[in-house]
Each structure stands twice: as C-alpha cells, then as structure tokens.
Amino acid sequence: MSTRFSTDRRTLLAAGALGSLAFVAPSRDALGFFTPGRFADELEKTPDQGEGPFYPNKLPLDTDNDLLILNDSITPAIGEVTHLTGKVTDVHGDPLRGVTVEIWQVDSSGAYIHTDSQNRAKRDKNFQGFGRFLTARTGEYYFRTIKPVAYPGRPPHIHVAVNKGDRRLLTTQLYVHGDNRIERDGLLLEAPEAVRKLLIVEFKPIEDSKTGELSATFNIVLGKTPDETEHGHLHHEHDHSVRT
C-alpha cells in the first residue's frame, strides 16, 4: 500500500490520540491480587452513513494517500491543503491493524471523479479524488487532501470507508466544524445530536505553515473487529439515493 506523502506524519498523527477514553490505573483487589490498568468505558462507535451514488465508478490509476498529486505530475490540485489523520480502533481503544481506510470527495469545483458527477466539466484534473491507506500495528492512517467544499445540496464533507479484504466494515462521512450548512443537512439530521458530533471535525491551521495548510483528525471506532463483522462484500450494495 502506497504511503507516498509522509512529511511530519508522526507529528500529525500524535494529534489523533484517543484522549476521550477514561483510564483506570492499575490496582490491587481485596485479596491483594494485582489488577492491570484498563479503560473504564467503551468508546462511542463511529456511526454509519450512506455511501451515496458517487463512489468512483472508475478508480484513478493513482490510489495512494496523497490526493494532491497524480502519479508523477508536478502540478498539485487546487484547494486548501489538509492533512487528515486518525486512528482505527475497536470500542476498547485497541488499534486495528491491516484494515484499509478509503476516502473520496469533491475537488475545489465541487466535482467528484465519478462520471455522473455534477460540475464534471469543471473538474480539477490534478485532483485524485480518491485515496487508500493500509493501517499498521498502531491503527493510524494519513491522507494529504484538500478541505472539502460543498456539493450541490450538501454541506462540505468527505466520504470515509473502512475495509478488511473484500469486506466493508464501515461507511460514513465526516463534516467541517463551524459550517452552518450542516445544520440543514437532512442526512446528518437523521442522527441524534450526540451521534452527529462524532462526525463533525475541526480543520485547524498548522502552526508556522507558510502556505496556510490545515490539519484534521477523525478517529474511527468500529463496533466489531474485522473477524467478527458480518458486513457484505465491497461496493455491491451502493446507496443510489440523491444524497452525495
């Protein structure tokens, strides 16, 4: 699995630590036996959201984790450069190794790489539009992409999927914190408020970046391990609704 762009990746991934999970320190029980430290509560599972109709119907030749540069091109895509990082874990906070994280999104003109996308005539030919990253033992992933813009009828968002081999473990979407269009999005409003907050991500300026680059952290929590999941094969059950 290609991970071509990796500058300062460790620093960026450090921001994705699972700080919300309370930890109970090691102790001894009434009989004096040692009880190792443990997580007091389970993490909240990342909610599912529809795949939408624009998962690429023809994958780009380049499917690595740098969506700004296609193959050996020297011309980058247009948009606010964003370093998207996170960690894939189970509900106990244990990292999941060997799962593939996929993202796909519109370019700066609001066009997907799908052949039926609106605004396709204005599509940025230098934007990859889709990427993949295979997690290692830490469960971490990393993408270099652009801050998402709105698609007609939808607020800015990035589609995210997690796969294990040919099995889809999770399909969801992340949204931009502070964008008031998320308050009117029908798909997002279907979820309770406590669940919606798990999908809303801050895009923060990177300190000392001379080009105004951003960082965003989206941790992914699966309710089942890859061996336990009962989800079906990949991309055989597309959501063909108008939601994108």
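Since this is a predicted model, take the numbers as computed values, not measurements. (Residues numbered from 1 in each chain as written. Predicted model: local features only at pLDDT ≥ 70, side-chain atom pairs only at ≥ 80, totals over all residues. Heavy atoms only, no water.)

A few words on the overall build of the chain. From N to C terminus, the chain includes 3 helices and 14 strands. The buried share among the 244 residues of the chain stands at 44%. Here the analysis covers contacts within the chain between residues at least 6 apart in sequence; of these, 73% occur between residues at least 24 apart. Of the roughly 12,800 Å² that the chain leaves accessible, carbon and sulfur atoms contribute 50%. (Helix = DSSP H or I, 4+ residues; strand = E, 2+ residues; numbered from the N terminus. Buried < 20%, exposed > 50% of the residue type's maximum accessible area, 1.4 Å probe, protein only. Contact = heavy atoms within 4.5 Å. Areas by Shrake-Rupley, 256 points an atom, 1.4 Å probe, with all protein chains shown as cover.)

We now examine the nonpolar core. Grouped together as the largest cluster of nonpolar side chains are 35 residues, with contacts concentrated most on L84, V88, Y141, F218 and I220. Broken down by secondary-structure element, the contributors of at least two residues to this core are strand 5 (81-90), strand 6 (100-104), strand 8 (140-146), strand 9 (157-164), strand 10 (167-176), helix 2 (186-189), strand 13 (214-217) and strand 14 (220-222). Among the elements that line this core, the one with the most residues is strand 10, at 5 residues. Counting 9 residues, the second largest nonpolar core, distinct from the first, contains V106, I113, F130 and A161. (Core = buried A, V, L, I, M, F, W, Y, C linked by side-chain atoms within 4.5 Å.)

Before going further, it helps to spend a moment on the sheet that holds strand 10. What the 5 strands build is an open sheet, ordered 7-6-9-10-11; its pairing is mixed. Each edge of the open sheet is held by one strand with a lone partner, namely strand 7 (130-134) and strand 11 (200-201). Pairing of strand 6 with strand 7 involves 5 bridges; the strand directions are antiparallel. When the sheet's bridge partners are listed, T100 is paired in strand 7 with L134. (Pairing = 2+ DSSP bridges.)

In total, this model carries 7 aromatic pairs according to the counting rule given. Seen from their ring centres, F54 and Y151 are 5.6 Å apart, and the 55 degrees between their planes marks the pair as tilted. Pair noted here: F54 is in the loop between strand 4 (38-39) and strand 5 and Y151 is in the loop between strand 8 and strand 9, with a separation of 97 residues, a long-range link. Here F54 matches Y151 in class, with each residue buried. Every member of this aromatic cluster is reached through a ring pair, and the members are F54, Y112 and Y151. (Phe/Tyr/Trp six-rings, centres within 6.5 Å; stacked < 30°, edge-to-face > 60°.)

Positioned with a positive phi, N71 is a non-glycine residue whose angle comes to about 50 degrees. Despite not being glycine, D208 has its phi angle at roughly 70 degrees, a positive value. If you trace the backbone, D208 turns up in the loop between strand 12 (204-205) and strand 13. Owing to a relative accessible area of 69%, D208 belongs among the exposed residues under this scheme.

Moving on, we get to the pattern of salt bridges. Under the definition given, this model contains 5 salt bridges. Of the charged contacts, one joins R132 and E102 as a salt bridge, the two residues approaching to 2.9 Å between their closest N and O atoms. Residue R132 is located in strand 7, and its partner E102 is located in strand 6; the two are separated by 30 residues in the primary sequence. Classification of E102 by relative accessible area gives buried; the value is 1%. (Salt bridge = Lys/Arg side-chain N within 4 Å of Asp/Glu carboxyl O.)

Turning our eyes to something else, we now look at the side chain of D66. Note on placement: D66 falls in the loop between strand 4 and strand 5. At 3.0 Å, the side chain of D66 forms a polar contact with the side chain of R144. (Polar contact = N/O pair within 3.5 Å; in protein donor to acceptor, adjacent residues only side chain to side chain.)

Moving on: the side chain of R144. Examined against the element boundaries, R144 turns out to sit in strand 8. We classify R144 as buried; its relative accessible area is 12%.

Now for the confidence of the model for the chain. For the chain, the average pLDDT comes to 84, and 75% of its residues sit at 70 or higher. Low confidence marks residues 235-242, where pLDDT is under 50. Its contacts with residues over four positions away, or in another chain, come to 10 contacts. (pLDDT = per-residue confidence, 0-100.)

Our focus in this paragraph is the pairing of strand 9. With 7 of 8 residues buried, strand 9 is to be regarded as a mostly interior element. As paired elements, strand 6 and strand 9 share 5 bridges and run antiparallel to each other. Counted as the bridge partner of I103 is V160 from strand 9. Bridging between strand 9 and strand 10 involves 8 bridges; their strand directions are antiparallel. If you follow V160 over to strand 10, its bridge partner there is T172.

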